Amino acid sequence: MKTNLTSIVSTAIGCLFILSLASCLNQQQAALTPEQLLETYKDSAFLAIDGDLYNPELIWGEVHIYLPAFNRLFRHSHIENNQIVLDVTSGKQVRISENIFEYVRESFELQNKTARETKRKIKRLNSGYAWENQTKSKSLSKTDSGIVLKRGEHPQNFIKLSKLYNNIPSGNHLSDYINFKYSDMQGNGVGDVSIYATMNALEYLGKGFENYFPSYYCCNACAYQSSFKCEFNIVTDYSYNIYTENNIDVSYSSIRNPNRLPLVTIKHIKLYTIFEEYYS
């Protein structure tokens, strides 16, 4: 599983590079009527992804579809009174599936809500929306950076990334807190760009956790630049999605970048404190 996802994300980072070179295509376009939108995209390929976009393996595996779809929405959005406004009301208008439309729309609304509550300023980048200024965390500081993720150290990685999700300030670069250079993402100068594992909680926590399969995921989205710090690694928002499967509540908690791709995802983050009690 880890090898497959690494291969997927390596290809995906190449896709980010190509799209960044064509950033002129992502510039805001004047608002069009619904009829004009339909006419604009009538000959464009319909872009769709089946499944839960909060699953990092799925969205990164389909990033060649997701990013062009995101960019169709991004081109038809703008900032007004420090709020992201979408000039599109459905995926149909720009020939993308409704689940992609809702995923992006909800992420914009999440950033808008944060802006209203904190009075922070939203800014537009080539790749998406971020924040004008960084924020600080009382629990994490850049002097605490240097989180190193090692393959095979699954409980420890799960604990480190869960703590990061709960405390990392938005507007900062992920590389301010994760030491990508010495984490097991090495190769070709910057590395196999992700580290990922799914655990059987029964094996690690014992009876009572038979039906839980927590996982963690982290990637360096700047790998194509032979770098660790670029706008693709800027922390923009935090998503939390939960659903029920086989009578178990399954959650995905993600740290996302300006184009809403997950940089860090923890499945079953509620097990964090239990893992910490066992393994810290």
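Below or above, wherever it landed, is the structure these notes cover. (Residues numbered from 1 in each chain as written. Predicted model: local features only at pLDDT ≥ 70, side-chain atom pairs only at ≥ 80, totals over all residues. Heavy atoms only, no water.)

## Side note on the state of the cysteines
Now for step 1: According to the stated counting rule, one finds one disulfide in the structure shown.
Now for step 2: Each sulfur in the disulfide pair Cys222 and Cys230 lies 2.1 Å from the other. Between Cys222 and Cys230, the S-S dihedral sits near -95°, and the bridge is therefore left-handed. The burial state of Cys222 is the same as that of Cys230; both residues are buried.
Now for step 3: There is no disulfide at Cys218, and the cysteine sulfur nearest it, in Cys219, is 6.5 Å away.
Now for step 4: Under the relative-accessibility criterion, Cys219 is labelled buried at 0%. (Disulfide = S-S within 2.5 Å. Buried < 20%, exposed > 50% of the residue type's maximum accessible area, 1.4 Å probe, protein only.)

## Some words on the side chain of Ser90
Now for step 1: Within the secondary structure, Ser90 is located in the loop between strand S2 (83-86) and helix H5 (98-118).
Now for step 2: Look at Ser90 and you get buried, because its relative accessible area is 18%.
Now for step 3: Ignoring anything within four residues of it in the chain, the contact list for Ser90 reads Glu98 and Phe101. (Helix = DSSP H or I, 4+ residues; strand = E, 2+ residues; numbered from the N terminus. Contact = heavy atoms within 4.5 Å.)

## Quick look at the nonpolar core
Now for step 1: One finds Tyr66, Leu161, Leu164, Leu174, Ile178 and Cys218 to be the most contacted residues of the largest nonpolar core, which totals 74 residues.
Now for step 2: The biggest single contributor to this core is helix H4 (residues 63-75), with eight residues.
Now for step 3: If we ignore the near neighbours within four places in the chain, the residues touching Leu161 are Leu149, Ile178, Tyr216, Tyr217, Cys218, Val264 and Ile266. (Core = buried A, V, L, I, M, F, W, Y, C linked by side-chain atoms within 4.5 Å.)

## A short note on the pattern of salt bridges
Now for step 1: On inspection of all chains with the given rule, the structure shows six salt bridges.
Now for step 2: Of the charged contacts, one joins Asp237 and Arg256 as a salt bridge, the two residues approaching to 2.8 Å between their closest N and O atoms. Taken together, the residues span a long stretch of sequence, with Asp237 in strand S7 (residues 237-245) and Arg256 in strand S8 (residues 248-256) at a distance of 19 residues. Across the pair, Arg256 and Asp237 agree in class, each one buried. (Salt bridge = Lys/Arg side-chain N within 4 Å of Asp/Glu carboxyl O.)

## Some thoughts on the environment of Asn241
Now for step 1: Relative to the assigned elements, Asn241 resides in strand S7.
Now for step 2: For the pair formed by Asn241 and Lys267, sequence separation is 26 residues and the distance between their alpha carbons is 9.7 Å.
Now for step 3: Sequence-distant contacts of Asn241, defined by excluding residues within four places in its chain, comprise Asp52, Tyr54, Val250, Ser251 and Tyr252.

## Description of the sheet that holds S7
Now for step 1: The strand order across the open sheet formed by five strands is S5-S6-S9-S8-S7, and the pairing between neighbours is antiparallel. The open sheet has two free edges, formed respectively by strand S5 (194-198) and S7, since each of these has just one partner strand. Each strand axis lies, on average, 15° off the axis of its neighbour in the sheet, ignoring direction.
Now for step 2: Note: strand S6 (residues 215-219) against strand S9 (residues 262-267), four bridges, orientation antiparallel. Paired with Tyr216 across the two strands is Ile266, which belongs to S9. (Pairing = 2+ DSSP bridges. Axes fitted to C-alpha atoms, helices over the stretch in contact; angles between N-to-C directions.)

## Here's the deal with the environment of Phe46
Now for step 1: Along the chain, Phe46 falls in the loop between helix H2 (34-41) and helix H3 (56-61).
Now for step 2: Each C-alpha atom, one on Phe46 and one on Lys92, is 8.9 Å from the other, the two residues being 46 residues apart in sequence.
Now for step 3: When neighbours within four sequence positions are excluded, Phe46 is seen to be in contact with Arg95, Ile96 and Ser97.

## A look at the packing of H4 against H5
Now for step 1: Their axes nearest at 10 Å, the elements H4 and H5 cross at an angle of 60°. For the element pair H4 / H5, the angle class is oblique. With respect to the hand of their crossing, H4 and H5 are arranged in right-handed fashion. Between H4 and H5, the residues in contact are Tyr66, Ala69, Phe70 and Leu73 and Ile100, Phe101, Tyr103, Val104 and Phe108, respectively. (Parallel < 35°, antiparallel > 145°, perpendicular 65-115°, else oblique. Left-handed = near helix turned anticlockwise from the far one by under 90°.)

Remember that the coordinates give geometry; whether it matters functionally is a separate question.
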